[in-house]
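Chain and residue survey
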Amino acid sequence: MGSFPATRVDVNEFERSNQPTRETLPRSTMPSTTPRQPLLADLVTVLAAPACVVSDRSGDIGDSAIHGYYLDDRRMVSALWVGVGDGEAQPVSATLSDPSTAEFVALLPDVGTAHGTATAGLDLDASVRLRRRRKVDRRRLVETIELLSADARGLRTTVQIRLASDGVSVSSARAGSVARPSTPTLLDGGATWPATHGSPAVEFHPRPDTLQVDDDSHEVVATWDVVLDGAPWSARATVTPSTPAPTPAPPLTDSLAVSTPDGLLDRLVARSLADADALVRTDQHDPTDRYLCAGSPWYLTLFGRDSLLSARMLLPVDVDLALGTLRSLARRQGQVVDPTTGEQPGKILHELRDPEVAEFLPPVYYGTVDATCLWIILLWEAWRWGADAREIEALLPHLDAALAWLGEHATPDEDGFVRYVPDAQGLTNQGWKDSGDAVHDADGVLIDGPVALAEVQAYAYQAAQAAADLADAFGRDHGQHWRDWADRLATRFREHFWEHGHGPSYPVLALGPDARRANAVGSNMGHLLGTGIVDAAEARLVAERLGAPDLDSGFGLRTMSSASPRYNPISYHNGSVWPHDTAITVAGLVAEGLPDVAGRLARGLVAAAPAFDFRLPELWGGESGAHGPGGSTARPLAYPTACSPQAWAATTAVSLVTSALGLRVDVPAGVVELTPARPALLGALSVRGLRIGGGTLDVDVDASGDLTVVAAPPGITVVVLDPAGDLAA
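Conventions we followed
Residues numbered from 1 in each chain as written. Predicted model: local features only at pLDDT ≥ 70, side-chain atom pairs only at ≥ 80, totals over all residues. Heavy atoms only, no water. Helix = DSSP H or I, 4+ residues; strand = E, 2+ residues; numbered from the N terminus. Expected span 1.5 Å × (residues − 1). Contact = heavy atoms within 4.5 Å. Buried < 20%, exposed > 50% of the residue type's maximum accessible area, 1.4 Å probe, protein only. Pairing = 2+ DSSP bridges. Axes fitted to C-alpha atoms, helices over the stretch in contact; angles between N-to-C directions. Domains from an automatic or database assignment. UniProt positions renumbered as here; feature names shortened; annotations may be inferred. Parallel < 35°, antiparallel > 145°, perpendicular 65-115°, else oblique. Left-handed = near helix turned anticlockwise from the far one by under 90°. Nonpolar A, V, L, I, M, F, W, Y, C, P; charged D, E, K, R; others polar. Salt bridge = Lys/Arg side-chain N within 4 Å of Asp/Glu carboxyl O. Disulfide = S-S within 2.5 Å. pLDDT = per-residue confidence, 0-100. Phe/Tyr/Trp six-rings, centres within 6.5 Å; stacked < 30°, edge-to-face > 60°. Lys NZ or Arg CZ within 6 Å of the ring centre and 35° of its normal.

Take helix α4 (residues 319-330) next. If you check α4, its first and last C-alpha atoms are 17 Å apart, about what twelve residues at 1.5 Å a residue would give, namely 16 Å. Residues of α4 that are buried make contact with β20 (280-283), β21 (286-292), α3 (304-313), α5 (371-384), α6 (389-394) and α7 (396-408).

The next subject is the environment of I66. Summarising the element assignment, I66 is placed in the loop between β2 (51-55) and β3 (68-71). Judged by its relative accessible area of 0%, I66 falls in the buried class. Sequence separation between I66 and S55 is eleven residues; the distance between their C-alpha atoms is 8.3 Å. Among residues more than four places away in sequence, those in contact with I66 are P38, L39, L40, L43, V54, R75, V170, A173, R174, P297 and W298.

Next up on the list: the sheet that holds strand β4 (residues 74-77). Taken in spatial order, the four strands line up as β1-β2-β3-β4 in an open sheet, and their pairing is antiparallel. The open sheet has two edge strands, β1 (44-48) and β4, and neither has a second partner. The sheet shows a mean angle of 25° between the axes of neighbouring strands, taken without regard to direction. In this structure, β2 lies alongside β3, joined through four bridges in antiparallel fashion. Paired with C52 across the two strands is Y70, which belongs to β3.

For the rest of this paragraph, the subject is the pairing of β20. Examined bridge by bridge, β20 and β21 share four bridges and lie antiparallel to one another. Bridged to R281 within β21 is Y291. The turn linking β20 back onto β21 is made up of two residues.

Here we come to the domain arrangement of the chain. Domain boundaries assigned for the chain yield domain 1 (44-113 + 123-241), domain 2 (257-661) and domain 3 (662-728). Distance between the C-alpha centres of domain 1 and domain 3: 49 Å.

Residues annotated by UniProt as "domain: Mannosylglycerate hydrolase MGH1-like glycoside hydrolase" (unreviewed entry) correspond here to residues 377-608. The span residues 377-608 shows a helical share of 44% and a strand share of 4%, and its end C-alpha atoms are spaced 30 Å apart.

Its place among the elements puts H67 in the loop between β2 and β3. On the accessibility criterion, H67 (2% relative accessible area) is buried. Sequence-distant contacts of H67, that is, excluding residues within four places in its chain, are made with L43, V54, S55, D56, D60, I61, G62, R75 and S78.

Direction vectors running N to C along helix α8 (residues 454-473) and helix α9 (residues 479-496) enclose 160°, while the axes themselves pass 8 Å from each other. When the axes of α8 and α9 are compared, the pair comes out roughly antiparallel. In the crossing of α8 with α9, the sense of the turn from one axis to the other is left-handed. Within the contact between the two elements, α8 uses A454, Q457, A460, Y461, A464, Q465, A468, D469, A471 and D472 and α9 uses G479, W482, R483, W485, A486, D487, L489, A490 and F493. For the contact of α8 with α9, the per-class residue count stands at twelve nonpolar, three polar and four charged.

With that settled, consider the pattern of salt bridges. Counting across every chain of the model gives 41 salt bridges. We note a salt bridge from D472 to R483, for which the minimum N-O separation is 2.6 Å. One end of the pair, D472, is in helix α8; the other, R483, is in helix α9, with eleven residues separating them in the sequence. A salt bridge links R678 to D706; the nearest nitrogen and oxygen atoms lie 2.7 Å apart. Taken together, the positions of R678 in the loop between β30 (671-674) and β31 (685-692) and D706 in the loop between β32 (695-701) and β33 (707-711) put the pair 28 residues apart, joining distant regions of the chain.

Moving on, we come to the state of the cysteines. Summed over all chains, the structure comprises zero disulfides. Free cysteine: C52, not disulfide-bonded; nearest cysteine sulfur from C643 at 9.5 Å. By relative accessible area, which is 0% here, C643 ends up buried.

Right, let's get into the sheet that holds strand β17 (residues 220-228). Strand order in the open sheet made by the four strands is β5-β12-β17-β16, with antiparallel pairing throughout. Two strands lie at the open edges of the sheet, namely β5 (79-84) and β16 (210-213), each paired on one side alone. Ignoring which end each strand starts from, the neighbouring axes of this sheet average 15° apart. In this sheet, β17 lies alongside β16 in antiparallel orientation, the contact comprising four bridges. The residue of β17 that forms the bridge with L211 is A222.

Another point: the confidence of the model for the chain. Here the chain shows a mean pLDDT of 91. Residues at 70 or above account for 92%. Here residues 2-33 is modelled with pLDDT under 50, and outside its nearest four sequence neighbours on either side it reaches 85 contacts, counting other chains as well. Here residues 113-123 scores under 50 on pLDDT; set against residues more than four positions off or in separate chains, the count is 19 contacts.

Here we take up helix α11 (residues 579-591). Helix length check: α11 (13 residues) gives 18 Å between terminal C-alpha atoms against 18 Å at 1.5 Å per residue, within 8%. Here α11 has its buried residues at P579, H580, D581, T582, A583, I584, T585, V586, G588 and L589. Contacts made by the buried residues of α11 are with α3, α10 (536-546), α12 (595-608), α13 (647-650) and α14 (652-661). Positive backbone phi, approximately 75°, marks G593, located one or two places after α11.

Moving on to unusual backbone geometry. With omega at -5°, the peptide bond leading from H205 into P206 counts as cis. With respect to the secondary-structure elements, P206 resides in the loop between β15 (201-205) and β16. Residue P297 is reached from S296 by a cis peptide bond, and omega for that bond is 0°. Residue placement: P297 occurs in the loop between β21 and α3. One non-glycine residue, D73, lies in the positive phi region at around 70°.

Applying the stated criterion across every chain yields a total of 13 aromatic pairs. Note on F204 and W224: the rings are 5.9 Å apart at their centroids and 75° apart in plane angle, and the pair reads as edge-to-face. Of the two residues, F204 sits in strand β15 while W224 sits in strand β17, which places them 20 residues apart along the sequence. Take F204 and W224: they sit in the same class, and that class is buried. Seen from their ring centres, F493 and F497 are 4.6 Å apart, and the 10° between their planes marks the pair as stacked. According to the relative accessible area criterion, F497 is buried, its value standing at 0%. Following the ring pairs from residue to residue traces out a cluster consisting of W432, Y572, W578, Y639 and W648. Over the ring of F417 we find R492, and its NZ or CZ is 5.9 Å from the ring centre.

Below you can see the structure in the form of structure tokens.
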């Protein structure tokens, strides 16, 4: 993910004067000399990309710099308060019925009196409760409030909804910036903010008894006088930006379903697919193409690496998503050399932003060393999963450009390794671990660029082999050139990247200038597995190292060994757990025929899921789930600023399912292979609706690992193998 410098805009605190009262600007957004990124862990997010709403657990918006209703990275609503009477609501629940819908319930113990008798007190239950239902789609936000009373004696109270809009970008909000709201203009039954980007308008129903603007806070204040006589009372506020609504994205196919005895994986898969669907958006240049935005709230846009890896993990669900992702990125493939943006001919971008909200990086930024190789790999994988050959062939010119980048711009040094040069104005590190302190040696000393990351060499090797397969399949004559290129890279990798002589051998994180070794022990080595760049003996050494307790937290794979001087379980990349990182490693271990470590890591992710209500966040803390070097905890530790939902975290669940089946797909050859572990990687499971080559695959696996094919795609031969690679009995 991308990072940027933090800035903060000071504002004068202001008063809110109307009932129900709010004090001055909330403490969490008071001016400070120390820039702080707003925390996300305890917030409630609903989304339908590119829109999202972030609030506290009461449903109120405004107590944090990141709170708000955002559309295309711009805040349409910066404050939304609901008040009843002159007392304080007591929140009791916040639930998501789906990714775009939340319901908040609060008790109102201080609301009104009936015939002079208080409805609540020290020994009395509250008789009135407030229910708020929030629904966001790609066109509007609808906030419905409902008062319910158990007292039929005619309670009188007032209800207020207060809204403000400041037009701040999500990048500024992430940096902790706050701004004075725009001045609204009242309309008949609503208001608009013409000075705010997007000119949002709010409409109230029923019409408020009074509608005014608070001169101090610039909030629109709608007030109703209400009599509660036992029947529910409700009102609705609908916020609609004036900007054209994005073209609705067709949903992901919903055929995949999983059933297990304990139900944990079932819930994880269902929740993850729903979240992934909410992150899908269409390409503004061609709305027939879809891709996954990287994550909410920071990254509701196209990211090269994130969107590619997410689409790859969702191939068993929707191969058209992969094609849309490939085309969306190909449209923006680099054409020239531009040091300001990192653009190079053939290179795939890192991040796309609207120019009006791209405040810290260029609107189209190419500071990624791995996205181009991942684009090539996804093109090959989509072909193997049954994408229309004509769609693949149409992208071959972009493949040629990507290969030219790999052979010319990506390997500038004589050693032939794929490298990046840190960008002083952008990202220092340009692999998936892109924080500034992610690349260092075993003593914790940072490595300066140019940097050759271990996993990027593996991606390059796999990309070259994939390009060779595509060349052969489509009658092109350069297949052997890229196989030879890959073989030479693997030989150099074996000579330079392995650390020997201090315990078991392992691949280092990276090579810096003058072959300086970033020999810290981290999760990067897991991405080598299954790519072909390591042989069977080397794969076993990697598996042994990954399965040690300093890397296996019990809730997934740590990014950094707990023995490292830089280990911090709640750092971004030096000891945290990223679910996609673990899932990629699990898939590689399974591909190498090493299910023992794969099973432990996969079960750790499933064990972590209930702590996050089965919505796996971007990352969590690397505290150990059992007594060991990392400490111990009964549940994973939330990372305070993690995106949730996040694309490659949501797609992790599907990757775990395919790993549990040992699934290998080759539709052009008419073959699907299944090699389940013995015993089963994740226990007994039934899988329905894996989409392969225009059909579906349904299988059952028992706890011992015996697999039964229930249904197969037409024209596809399904082969079940035992762990040794022989036909299963």
